[in-house]
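# Geometric and topological summary
Listed here are the chains, written in short residue letters.
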Amino acid sequence: MKDIQTLRLYTRVARLGSFSAAARESGMVQSQVSRMVADLEASLGVRLLARTTRAVAPTDAGIEFLARMEPILAALDDAENSVRETGELRGRLRVGMPSTMGNRVVIPRLSTFAERHPKLHIELLLDDTWQDMVREAVDVGIRVGELPDATGTARVVGTMQRVVVAAPSYLSRNGSPEHPNDLTSHRILAGPAATQASSWKFERDGVIVPVELDPYLSVNDTEGALTAAVNGLGITSTTSWACREEIDRGRLVRLLPDWKTASIPVHAYFPAGRATRLSARSFVDFLVEELATHPV
(Lines give C-alpha, C1' and ligand atoms only; values in the text may rest on other atoms or scores of the structure.)
Protein backbone atom coordinates (compact mmCIF):
# COMPACT_ATOMS: atom_id res chain seq x y z
CA MET A 1 0.00 0.00 0.00
CA LYS A 2 1.24 3.46 -0.84
CA ASP A 3 2.09 6.03 1.81
CA ILE A 4 -0.38 8.34 3.49
CA GLN A 5 0.53 11.30 1.27
CA THR A 6 -0.51 9.34 -1.82
CA LEU A 7 -3.80 8.37 -0.22
CA ARG A 8 -4.47 11.98 0.73
CA LEU A 9 -3.66 13.10 -2.79
CA TYR A 10 -6.09 10.58 -4.25
CA THR A 11 -8.92 11.82 -2.01
CA ARG A 12 -8.26 15.41 -3.04
CA VAL A 13 -8.18 14.61 -6.75
CA ALA A 14 -11.43 12.67 -6.37
CA ARG A 15 -13.12 15.46 -4.43
CA LEU A 16 -11.83 18.33 -6.57
CA GLY A 17 -12.24 16.49 -9.88
CA SER A 18 -8.88 17.79 -11.00
CA PHE A 19 -5.23 16.75 -10.83
CA SER A 20 -4.09 20.34 -11.30
CA ALA A 21 -6.27 21.65 -8.46
CA ALA A 22 -5.01 18.92 -6.12
CA ALA A 23 -1.44 19.70 -7.15
CA ARG A 24 -1.86 23.44 -6.45
CA GLU A 25 -3.44 22.68 -3.10
CA SER A 26 -0.56 20.40 -2.08
CA GLY A 27 2.24 22.52 -3.53
CA MET A 28 3.26 19.86 -6.02
CA VAL A 29 3.42 19.69 -9.81
CA GLN A 30 0.56 18.09 -11.67
CA SER A 31 2.69 15.38 -13.29
CA GLN A 32 3.91 14.23 -9.90
CA VAL A 33 0.39 13.96 -8.50
CA SER A 34 -0.80 12.12 -11.60
CA ARG A 35 2.06 9.66 -11.38
CA MET A 36 1.52 8.96 -7.67
CA VAL A 37 -2.19 8.28 -8.18
CA ALA A 38 -1.42 6.07 -11.19
CA ASP A 39 1.03 4.09 -9.04
CA LEU A 40 -1.68 3.70 -6.40
CA GLU A 41 -4.08 2.33 -9.02
CA ALA A 42 -1.41 -0.06 -10.26
CA SER A 43 -0.71 -1.37 -6.77
CA LEU A 44 -4.43 -1.95 -6.18
CA GLY A 45 -4.96 -3.45 -9.61
CA VAL A 46 -8.04 -1.28 -10.26
CA ARG A 47 -8.78 2.06 -11.91
CA LEU A 48 -9.95 4.56 -9.29
CA LEU A 49 -10.43 7.58 -11.57
CA ALA A 50 -12.01 8.01 -14.97
CA ARG A 51 -10.00 10.57 -16.88
CA THR A 52 -11.18 12.69 -19.82
CA THR A 53 -9.77 15.83 -21.37
CA ARG A 54 -12.31 17.88 -19.45
CA ALA A 55 -12.81 16.18 -16.10
CA VAL A 56 -11.67 13.58 -13.61
CA ALA A 57 -14.26 11.56 -11.71
CA PRO A 58 -14.06 8.52 -9.43
CA THR A 59 -15.11 5.17 -10.86
CA ASP A 60 -17.43 2.91 -8.84
CA ALA A 61 -14.36 1.34 -7.27
CA GLY A 62 -12.94 4.82 -6.68
CA ILE A 63 -16.10 5.94 -4.89
CA GLU A 64 -15.97 2.88 -2.65
CA PHE A 65 -12.27 3.42 -1.91
CA LEU A 66 -12.89 7.11 -1.21
CA ALA A 67 -15.71 6.34 1.22
CA ARG A 68 -13.50 3.91 3.15
CA MET A 69 -10.30 5.92 3.03
CA GLU A 70 -11.52 9.38 4.08
CA PRO A 71 -12.63 8.31 7.59
CA ILE A 72 -9.26 6.59 8.10
CA LEU A 73 -7.34 9.72 7.12
CA ALA A 74 -9.64 11.83 9.30
CA ALA A 75 -8.96 9.51 12.24
CA LEU A 76 -5.22 9.98 11.71
CA ASP A 77 -5.71 13.76 11.80
CA ASP A 78 -7.71 13.47 15.02
CA ALA A 79 -5.08 11.25 16.62
CA GLU A 80 -2.43 13.89 15.92
CA ASN A 81 -4.69 16.74 17.04
CA SER A 82 -5.51 14.99 20.32
CA VAL A 83 -1.87 14.93 21.46
CA ARG A 84 -0.78 18.29 20.09
CA GLU A 85 -0.21 20.36 23.24
CA THR A 86 -0.82 23.72 21.57
CA GLY A 87 -4.47 22.85 20.88
CA GLU A 88 -3.98 23.88 17.26
CA LEU A 89 -6.03 21.77 14.85
CA ARG A 90 -4.71 20.46 11.56
CA GLY A 91 -6.06 18.38 8.71
CA ARG A 92 -9.28 19.00 6.82
CA LEU A 93 -12.78 19.82 8.06
CA ARG A 94 -15.85 19.53 5.82
CA VAL A 95 -18.93 21.45 6.97
CA GLY A 96 -22.27 21.44 5.16
CA MET A 97 -24.82 24.22 5.61
CA PRO A 98 -27.47 26.24 3.74
CA SER A 99 -25.89 28.74 1.36
CA THR A 100 -27.51 31.86 2.81
CA MET A 101 -26.58 30.90 6.36
CA GLY A 102 -23.02 30.24 5.27
CA ASN A 103 -22.66 33.53 3.42
CA ARG A 104 -24.48 35.74 5.91
CA VAL A 105 -23.91 34.17 9.32
CA VAL A 106 -20.96 31.77 9.39
CA ILE A 107 -18.35 33.12 6.95
CA PRO A 108 -18.40 36.68 8.39
CA ARG A 109 -17.59 35.15 11.81
CA LEU A 110 -15.02 32.61 10.62
CA SER A 111 -11.82 34.68 10.77
CA THR A 112 -11.29 34.18 14.52
CA PHE A 113 -11.56 30.39 14.21
CA ALA A 114 -9.30 30.39 11.16
CA GLU A 115 -6.66 32.46 12.93
CA ARG A 116 -6.80 30.10 15.88
CA HIS A 117 -6.20 27.08 13.64
CA PRO A 118 -4.23 28.34 10.60
CA LYS A 119 -3.24 24.84 9.46
CA LEU A 120 -6.77 23.45 9.47
CA HIS A 121 -8.21 23.40 5.96
CA ILE A 122 -11.94 24.18 6.09
CA GLU A 123 -14.29 23.19 3.30
CA LEU A 124 -17.77 24.72 3.40
CA LEU A 125 -20.37 22.90 1.31
CA LEU A 126 -23.06 25.52 0.78
CA ASP A 127 -26.33 23.97 -0.35
CA ASP A 128 -29.94 24.54 0.69
CA THR A 129 -30.67 20.84 0.20
CA TRP A 130 -29.70 18.13 2.67
CA GLN A 131 -26.42 16.49 1.70
CA ASP A 132 -25.68 12.78 1.89
CA MET A 133 -23.25 13.37 4.72
CA VAL A 134 -21.62 9.95 4.58
CA ARG A 135 -21.16 9.93 0.81
CA GLU A 136 -19.90 13.53 0.81
CA ALA A 137 -17.68 12.91 3.87
CA VAL A 138 -19.27 15.83 5.73
CA ASP A 139 -17.93 16.02 9.28
CA VAL A 140 -20.74 18.20 10.59
CA GLY A 141 -23.85 19.70 9.02
CA ILE A 142 -25.43 22.95 10.16
CA ARG A 143 -29.13 22.60 9.36
CA VAL A 144 -32.16 24.83 9.81
CA GLY A 145 -35.46 23.31 10.94
CA GLU A 146 -36.34 19.82 12.04
CA LEU A 147 -33.82 17.13 11.23
CA PRO A 148 -35.01 14.56 8.69
CA ASP A 149 -32.64 11.94 10.03
CA ALA A 150 -32.58 11.20 13.76
CA THR A 151 -29.92 8.46 13.65
CA GLY A 152 -26.99 10.80 14.14
CA THR A 153 -26.07 13.13 17.00
CA ALA A 154 -27.37 16.69 17.04
CA ARG A 155 -26.70 19.80 19.07
CA VAL A 156 -28.77 22.97 19.08
CA VAL A 157 -26.70 25.89 17.82
CA GLY A 158 -29.41 28.54 18.09
CA THR A 159 -32.89 29.50 16.97
CA MET A 160 -34.24 31.67 14.19
CA GLN A 161 -37.53 33.50 13.98
CA ARG A 162 -39.59 33.11 10.85
CA VAL A 163 -40.62 36.44 9.31
CA VAL A 164 -42.77 37.55 6.39
CA VAL A 165 -41.29 40.34 4.27
CA ALA A 166 -41.76 42.36 1.10
CA ALA A 167 -40.09 45.31 -0.61
CA PRO A 168 -41.42 48.87 -0.18
CA SER A 169 -41.92 49.02 -3.97
CA TYR A 170 -44.24 46.00 -3.88
CA LEU A 171 -46.18 47.34 -0.89
CA SER A 172 -46.63 50.76 -2.51
CA ARG A 173 -48.32 49.07 -5.49
CA ASN A 174 -50.30 46.42 -3.66
CA GLY A 175 -50.74 47.57 -0.08
CA SER A 176 -49.76 45.76 3.13
CA PRO A 177 -51.69 42.78 4.49
CA GLU A 178 -53.39 43.60 7.79
CA HIS A 179 -54.38 40.01 8.61
CA PRO A 180 -52.74 36.69 7.66
CA ASN A 181 -55.73 35.80 5.48
CA ASP A 182 -55.03 38.91 3.39
CA LEU A 183 -51.96 37.10 2.03
CA THR A 184 -54.19 35.06 -0.28
CA SER A 185 -54.70 38.17 -2.43
CA HIS A 186 -50.96 38.87 -2.79
CA ARG A 187 -48.18 37.47 -4.93
CA ILE A 188 -46.29 34.89 -2.90
CA LEU A 189 -42.63 33.97 -3.38
CA ALA A 190 -41.66 30.53 -2.09
CA GLY A 191 -38.06 29.81 -1.14
CA PRO A 192 -36.82 26.78 0.83
CA ALA A 193 -38.02 28.22 4.15
CA ALA A 194 -41.46 28.97 2.69
CA THR A 195 -42.10 25.36 1.68
CA GLN A 196 -42.34 24.11 5.27
CA ALA A 197 -45.71 23.68 6.92
CA SER A 198 -45.00 26.28 9.62
CA SER A 199 -43.96 28.93 7.09
CA TRP A 200 -47.39 30.47 6.84
CA LYS A 201 -48.81 29.79 10.30
CA PHE A 202 -49.56 32.75 12.57
CA GLU A 203 -50.61 33.06 16.23
CA ARG A 204 -52.04 35.97 18.24
CA ASP A 205 -53.94 35.99 21.52
CA GLY A 206 -54.12 32.21 21.46
CA VAL A 207 -55.66 32.13 17.97
CA ILE A 208 -53.72 30.14 15.35
CA VAL A 209 -54.27 31.06 11.72
CA PRO A 210 -52.74 28.74 9.08
CA VAL A 211 -52.80 30.15 5.56
CA GLU A 212 -52.72 27.99 2.43
CA LEU A 213 -51.05 29.84 -0.42
CA ASP A 214 -50.30 29.16 -4.07
CA PRO A 215 -46.86 30.66 -4.84
CA TYR A 216 -46.51 32.99 -7.81
CA LEU A 217 -42.77 32.17 -7.97
CA SER A 218 -40.89 29.26 -6.39
CA VAL A 219 -37.11 29.28 -5.91
CA ASN A 220 -35.04 26.43 -4.46
CA ASP A 221 -32.50 28.85 -2.99
CA THR A 222 -33.07 31.30 -0.14
CA GLU A 223 -30.87 33.96 -1.74
CA GLY A 224 -32.97 33.74 -4.89
CA ALA A 225 -36.21 34.20 -2.98
CA LEU A 226 -34.76 37.23 -1.17
CA THR A 227 -33.54 38.75 -4.44
CA ALA A 228 -37.01 38.34 -5.90
CA ALA A 229 -38.58 39.98 -2.85
CA VAL A 230 -36.11 42.89 -2.84
CA ASN A 231 -36.96 43.53 -6.49
CA GLY A 232 -40.66 43.84 -5.72
CA LEU A 233 -41.94 40.54 -7.13
CA GLY A 234 -43.97 39.67 -4.05
CA ILE A 235 -44.05 38.53 -0.42
CA THR A 236 -41.89 35.77 1.00
CA SER A 237 -41.50 33.92 4.28
CA THR A 238 -37.91 33.45 5.39
CA THR A 239 -35.74 33.40 8.48
CA SER A 240 -34.72 36.44 10.51
CA TRP A 241 -31.05 35.54 10.03
CA ALA A 242 -31.41 35.51 6.27
CA CYS A 243 -32.96 38.94 5.76
CA ARG A 244 -31.64 41.05 8.63
CA GLU A 245 -29.41 43.13 6.38
CA GLU A 246 -32.23 43.90 3.93
CA ILE A 247 -34.56 44.91 6.77
CA ASP A 248 -31.92 47.10 8.42
CA ARG A 249 -31.29 48.88 5.10
CA GLY A 250 -34.97 49.33 4.37
CA ARG A 251 -34.88 47.11 1.29
CA LEU A 252 -37.41 44.79 2.88
CA VAL A 253 -40.21 45.47 5.36
CA ARG A 254 -41.41 42.99 7.95
CA LEU A 255 -45.13 42.34 7.62
CA LEU A 256 -47.72 41.37 10.22
CA PRO A 257 -45.37 42.18 13.14
CA ASP A 258 -48.19 41.77 15.70
CA TRP A 259 -48.56 38.12 14.75
CA LYS A 260 -46.23 35.49 16.19
CA THR A 261 -44.58 33.15 13.74
CA ALA A 262 -42.78 29.87 14.37
CA SER A 263 -39.26 29.78 15.77
CA ILE A 264 -36.86 27.51 13.92
CA PRO A 265 -34.14 25.45 15.59
CA VAL A 266 -30.65 25.42 14.10
CA HIS A 267 -28.75 22.19 14.70
CA ALA A 268 -25.23 20.98 14.30
CA TYR A 269 -25.65 17.43 13.05
CA PHE A 270 -22.98 14.76 13.29
CA PRO A 271 -23.64 11.77 11.02
CA ALA A 272 -24.22 8.30 12.43
CA GLY A 273 -21.65 5.59 11.92
CA ARG A 274 -18.64 7.91 12.18
CA ALA A 275 -16.70 9.12 15.19
CA THR A 276 -17.30 12.78 15.87
CA ARG A 277 -14.14 14.60 14.90
CA LEU A 278 -12.30 16.87 17.29
CA SER A 279 -12.17 19.63 14.68
CA ALA A 280 -15.92 19.35 14.09
CA ARG A 281 -16.68 19.63 17.81
CA SER A 282 -14.34 22.59 18.11
CA PHE A 283 -15.99 24.32 15.16
CA VAL A 284 -19.46 23.86 16.64
CA ASP A 285 -18.28 25.06 20.07
CA PHE A 286 -16.91 28.17 18.39
CA LEU A 287 -20.13 28.78 16.46
CA VAL A 288 -22.34 28.36 19.55
CA GLU A 289 -20.16 30.75 21.55
CA GLU A 290 -19.99 33.27 18.71
CA LEU A 291 -23.76 33.33 18.19
CA ALA A 292 -24.38 33.63 21.93
CA THR A 293 -21.92 36.52 22.23
CA HIS A 294 -22.91 38.24 18.96
CA PRO A 295 -26.44 37.12 18.14
CA VAL A 296 -27.79 37.57 14.64
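Our structure's up above, just so we're on the same page.
Residues numbered from 1 in each chain as written. Predicted model: local features only at pLDDT ≥ 70, side-chain atom pairs only at ≥ 80, totals over all residues. Heavy atoms only, no water.

### Describing the pattern of salt bridges
- Summed over the entire model, instances satisfying the criterion amount to 15 salt bridges.
- Put simply, Glu123 and Arg94 hold a salt bridge, and the shortest N to O gap is 2.4 Å. In this pair, Glu123 is assigned in strand S4 (residues 120-126) and Arg94 in strand S3 (residues 91-97), connecting sequence segments 29 residues apart. Accessibility assignment for this pair places Glu123 and Arg94 in one class, buried.
- Across the pair Glu223 and Arg104 runs a salt bridge, and its minimum N-O distance is 2.5 Å. One end of the pair, Glu223, is in helix H8 (residues 222-230); the other, Arg104, is in helix H5 (residues 99-106), and 119 residues separate them in sequence. (Salt bridge = Lys/Arg side-chain N within 4 Å of Asp/Glu carboxyl O. Helix = DSSP H or I, 4+ residues; strand = E, 2+ residues; numbered from the N terminus. Buried < 20%, exposed > 50% of the residue type's maximum accessible area, 1.4 Å probe, protein only.)

### Points about the packing of helix H1 (residues 4-16) against helix H3 (residues 30-44)
- Between H1 and H3, the least distance of the axes is 9 Å, while the angle of their chain directions is 105 degrees. Of the possible angle classes, the one that applies to H1 and H3 is roughly perpendicular. In this structure, H1 uses Gln5, Thr6, Leu7, Leu9, Tyr10 and Val13 to contact H3, whose residues at the interface are Val33, Met36, Val37 and Leu40.
- Residue composition of the contact of H1 with H3, grouped by class: eight nonpolar, two polar and no charged. (Axes fitted to C-alpha atoms, helices over the stretch in contact; angles between N-to-C directions. Parallel < 35°, antiparallel > 145°, perpendicular 65-115°, else oblique. Contact = heavy atoms within 4.5 Å. Nonpolar A, V, L, I, M, F, W, Y, C, P; charged D, E, K, R; others polar.)

### A closer look at a nonpolar patch on the surface
- A surface patch of nonpolar side chains, amounting to about 240 Å² of accessible area, comprises Ile4, Ile72 and Leu76.
- With respect to the element layout, Ile72 can be found in helix H4 (residues 60-83). (Patch = residues over 30% accessible without salt bridge, like charges linked within 9 Å, V, L, I, M, F, W, Y side chains within 5 Å. Areas by Shrake-Rupley, 256 points an atom, 1.4 Å probe, with all protein chains shown as cover.)

### Remarks on H8
- Of the positions making up H8, those classed as buried are Thr222, Ala225, Leu226, Ala228, Ala229 and Val230.
- Positive phi shows up at Gly232, right after H8, with a value of about 80 degrees.

### What to know about the nonpolar core
- If you look at the biggest cluster of nonpolar residues, it comprises 26 residues, and the most contacted ones within it are Met101, Val140, Ile142 and Phe283.
- Those elements giving two or more residues to this core turn out to be S3, H5, helix H6 (110-116), strand S5 (140-144), strand S6 (153-166), strand S13 (263-270) and helix H10 (278-293).
- For this core, the element with the highest residue contribution is H10, accounting for seven residues.
- When near neighbours in sequence (up to four residues on either side) are disregarded, Val140 contacts Arg94, Val95, Gly96, Met133, Ala268, Tyr269, Phe270, Ala280 and Val284.
- Formed by 20 residues, the second largest nonpolar core is a distinct cluster that contains Met36, Val37, Val56 and Met69. (Core = buried A, V, L, I, M, F, W, Y, C linked by side-chain atoms within 4.5 Å.)

### What to know about the packing of aromatic side chains
- As enumerated under the stated definition, the model contains three aromatic pairs in all.
- Look at Tyr10 and Phe65: their rings are 5.7 Å apart centre to centre, the planes differ by 55 degrees, and that puts the pair in the tilted class. Taken together, the positions of Tyr10 in helix H1 and Phe65 in helix H4 put the pair 55 residues apart, joining distant regions of the chain.
- Taking relative accessible area as the criterion, Tyr10 reaches 0% and is therefore assigned buried.
- Considering the side-chain rings of Phe113 and Phe286, the 5.4 Å spacing of their centres and the 40 degrees angle between planes classify their relative orientation as tilted. Taken as a pair, Phe113 in helix H6 and Phe286 in helix H10 lie far apart in primary sequence, 173 residues in all.
- By the ring-pair criterion, three or more aromatic residues cluster together here, those being Phe113, Phe283 and Phe286.
- Of note, Arg187 hangs over the ring of Tyr216, and the distance from its end group to the ring centre comes to 4.0 Å. (Phe/Tyr/Trp six-rings, centres within 6.5 Å; stacked < 30°, edge-to-face > 60°. Lys NZ or Arg CZ within 6 Å of the ring centre and 35° of its normal.)

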